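Each chain, letter by letter, is given below.
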Amino acid sequence: MAHVTVTLPDGSSRSVPVGTPVAEVAAGISNRLAKAALAASVDDRLVDLTYPLTADARVRLITPDSPEALQIYRHSTAHLLAAAVTSLFPGTQCGIGPATDDGFFYDFVVERPFVPEDLERIEAKMREMAKADLPFERQHWPRDEARQFFAGRGEPLKVQLIEEKTEGQPEVSCYTIKDRDTFVDFCVGPHVPSTGRLKGFRLLTTSNAYWKGDARNQPMQRVYGTAFFSEGELAAHLARIEEAKKRDHRRLGRDLGLFLFHPWAPGAAFWLAKGTRLYNDLAQYMREVLYPAGYVEVKTPLVFNKALWETSGHWGHYRENMFLVDSSDGEPMGVKAMNCPGHMLVFASEVRSYRDLPLRLHEQTALHRNEASGVLSGLTRVRQFSQDDAHCFVTEEQIASEVEALLKLVQRVYGDFGLPFTAKLSTRPEQFMGEIATWDHAEAALAEALERAGQPYTINAGDGAFYGPKIDFDITDAIGRKWQCATIQLDYQMPERFDLKYIGPDNAEHRPVVIHRAIFGSFERFIAILIEHFAGAFPLWIAPVQTVVLPIADRHLEYARTVAADLEAAGLRVEVDGRQEKIGYKIREAQLQKIPYMLVAGDREAAEGTVAVRSRSGGDLGARPVTEFVRAALDEVTTRGGTTVAGAAAAVAERA
RNA sequence: GCCGAUGUAGCUCAGUCGGUAGAGCGCGUCCUUGGUAAGGACGAGGUCACCGGUUCAAUCCCGGUCAUCGGCUCCA
């Protein structure tokens, strides 16, 4: 019998008869591997364990530890869901059911929307089918036969998928799960060998979706679920969802008196006293970072003539997202949705020399974008917001060094907030403007800057903006969620549209390049992230109220006010809780407001010029002279104590 | 914008199978002056989101509007 040679990841190889399923290769290595294997990678293609080896190949078994494993496992769980649904609700049409970042979903066409009780029934059916350990069987069908089969079953969506995905192929693959009925799904796979492998899953919610995500198409019911290899990991994930709910900035924003929303201004926050404090402090922090880095701050108009937006190109592409207002002469004007066009006008307002470059314009004024009503959400998706926006006008040659400086700013700012982050370089998309040589040069400049700044990054090929490549940053918060905040985008188009020029050393006109960049992104969104990251327990240096003085009895109120005045004079943000309540009550309130330090003032303290310090996270620290506390607190502010991820985790551990 | 759900006191929520409503917390007054996470008594708060319809009667049923929440990106 003919043999093929299998090469394993460790470089070793072995010879097996032609047609041997990869599962047997696993069995030949070890029992443990055979039991753990879910699928395999053959010459970098993911396949089932039943896949027969017909040629020499590199083979890697996929086990729960493999990077691809969870995705396969979740996709199989989605199939199990579909099998359960079609079994319980005959006549249901299936759409698609992919794995997602933290679970899976499957879309169905059903008679009536699912209710929570349906989910319970479906999940119970899934467990029953998992317990029965039914095999996922792969079949190869002639394409026409498959089309007829699904058409005959009243599954036109599957027919459509077959037509779109397998054009020109003689055969298509389907997977079956045989229960009382046989569930058949058109699917490229791979899948785990049998339903018995699926354990830690849970259905979460249902929602509406459309076929192919297009509202003009067939409405469908989407069932979301999540799945992990073990019950323990599943429980941890569900706990994380609960934790995220507790940290929801919309709830904390109200509880902590930071901001509110009103139905009469949808998508626009009212910043209350404490929230404004935080907002302004962040704005000031950013100025203190940017001014020494050579930025100048400007304020440009909020409302512009149509001509500006026509020149920038936004009138054609972005108008439906802009608020338009009438002017006295009847011409519509656009409320600004971004600062760049205004900054182009600032640049163009003078003759610029190469000696003036880089010119860095920073702006924090409000922007408005008319987001669809259904997408508004807390501070993370709003209609009115401000960015820590800036545009750097540079020469072609300055790109790399300017971006390197920017990367260092990003590293510094996220470091100050204790937020870990990753960078990704997005390169030329299929639809792009300009010359390929220019793009190549720009991408090389960005890569060079990343290397020089010592910034690890991944490449997101083809994901750049049509006007230039970019670097995006994802920060990871205290409970592991990723948020895209900072961005650095090269733009060759906007200078072109506004016919920007500078005079070079050769005394000729040249076109500058614009770098759009933001580090926080928007103040609104960044504050939302900070609230959720710190669970509302801000480190001292950004806490809107840093200390509260708690007099024990009325006779200590005067002393408490003296203490507060001292703290305030030292630059600390302080309140006095002079209400006629017991000290335990005041402490409880201060803890719930997540105020970093509580200073108890009674007879002993008033007599000795001390305060009894209680820390939000560390409890009673004992009496200390006021001056000593001030010194320690100011030191903590300067060093940004409590900002690290570990500090945030400690804050979480505090009683909620 | 689309689909679904929700909207009752400042907050969290009960409730009314159609007869205009309640709790806890918070708030106010009084008593209490208390030493590290809730002292006590009394009291004030509601056009039951808004507009319209059905009805003798609507917070409840019907229609519309607004807002909020979950989705609407994940492509065998």
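Conventions adopted
- Residues numbered from 1 in each chain as written.
- Chains lettered and ligands numbered in written order.
- Predicted model: local features only at pLDDT ≥ 70, side-chain atom pairs only at ≥ 80, totals over all residues.
- Heavy atoms only, no water.
- Buried < 20%, exposed > 50% of the residue type's maximum accessible area, 1.4 Å probe, protein only.
- Helix = DSSP H or I, 4+ residues; strand = E, 2+ residues; numbered from the N terminus.
- Domains from an automatic or database assignment.
- 1 Å grid on protein atoms, 1.4 Å probe; cavity = no way out; pocket = protein on both sides within 12 Å on 5 of 7 lines; lining within 4 Å.
- Points joined across faces, edges and corners; volume = space filled by probe spheres on them.
- Nonpolar A, V, L, I, M, F, W, Y, C, P; charged D, E, K, R; others polar.
- Contact = heavy atoms within 4.5 Å.
- Near = heavy atom within 4 Å.
- Polar contact = N/O pair within 3.5 Å; in protein donor to acceptor, adjacent residues only side chain to side chain.
- Pairing = 2+ DSSP bridges.
- Axes fitted to C-alpha atoms, helices over the stretch in contact; angles between N-to-C directions.

*Asks:* Which parts of the structure should I look at to understand helix α16 (residues 523-533)?
*Replies:* The element α16 is extensively covered by neighbouring structure, given that ten of its eleven residues are classed as buried. Of the residues making up α16, those classed as buried are Phe523, Glu524, Phe526, Ile527, Ala528, Ile529, Leu530, Ile531, Glu532 and His533. Of the residues trailing α16, Ala535 is marked for its positive phi of about 55°.

*Asks:* For this particular structure, what's the right way to read the domain arrangement of chain A?
*Replies:* How big an interface is tends to be stated in terms of the accessible area lost upon association of its parts. The domains assigned to chain A are domain 1 (3-62), domain 2 (69-237), domain 3 (260-300 + 336-534) and domain 4 (540-655). Computed over C-alpha atoms, the centres of domain 1 and domain 3 are 48 Å apart.

*Asks:* What's the story with empty space enclosed by the protein in this structure? I'm lost.
*Replies:* Where empty space is left can be seen by rolling a probe of water-molecule size over the atoms. Enumeration according to the criterion identifies one cavity of 30 Å³ or more in this entry. Put simply, the largest cavity is a space of about 100 Å³. Considering only residue class, the lining of the largest cavity consists of seven nonpolar, two polar and two charged.

*Asks:* I tried to follow the environment of Val18 on my own but got confused; where do I start?
*Replies:* Its place among the elements puts Val18 in the loop between β2 (13-17) and β3 (20-21). Owing to a relative accessible area of 35%, Val18 belongs among the partly exposed residues under this scheme. On a C-alpha basis, the gap between Val18 and Pro52 in space is 7.7 Å, while along the polypeptide they are 34 residues apart. Look past the residues within four positions of Val18 in its chain and what remains in contact with it is Ala2, His3, Val4, Leu53 and Thr54.

*Asks:* Which parts of the structure should I look at to understand the protein's contact with RNA strand B?
*Replies:* Close to RNA strand B lie 51 residues, the nearest being Phe186, Tyr210, Gly213, Ser373 and Gln580. Arg555 is positioned such that a nitrogen or oxygen atom in its side chain is 3.5 Å from a sugar or linking oxygen of RNA strand B. Between RNA strand B and Asp603 there is a distance of 3.0 Å, counted from a base oxygen to a backbone nitrogen or oxygen. Sort the elements by how many residues they give to the surface near RNA strand B and helix α18 (residues 583-592) lands first, with seven residues. Taken together, the residues of the surface near RNA strand B break down into 21 nonpolar, 13 polar and 17 charged.

*Asks:* Mind showing me how you'd approach the sheet that holds strand β1 (residues 3-7) here?
*Replies:* Strand order in the open sheet formed by five strands is β2-β1-β7-β4-β5, and the pairing between neighbours is mixed. Two strands close off the open sheet at either side, each with one partner strand: β2 and β5 (45-47). With direction set aside, neighbouring strand axes in the sheet form an average angle of 35°. Both strand β4 (residues 39-42) and strand β7 (residues 57-62) contribute to a ladder of four bridges, which runs antiparallel. Note that in β7 the partner of Val42 across the bridge is Val59.

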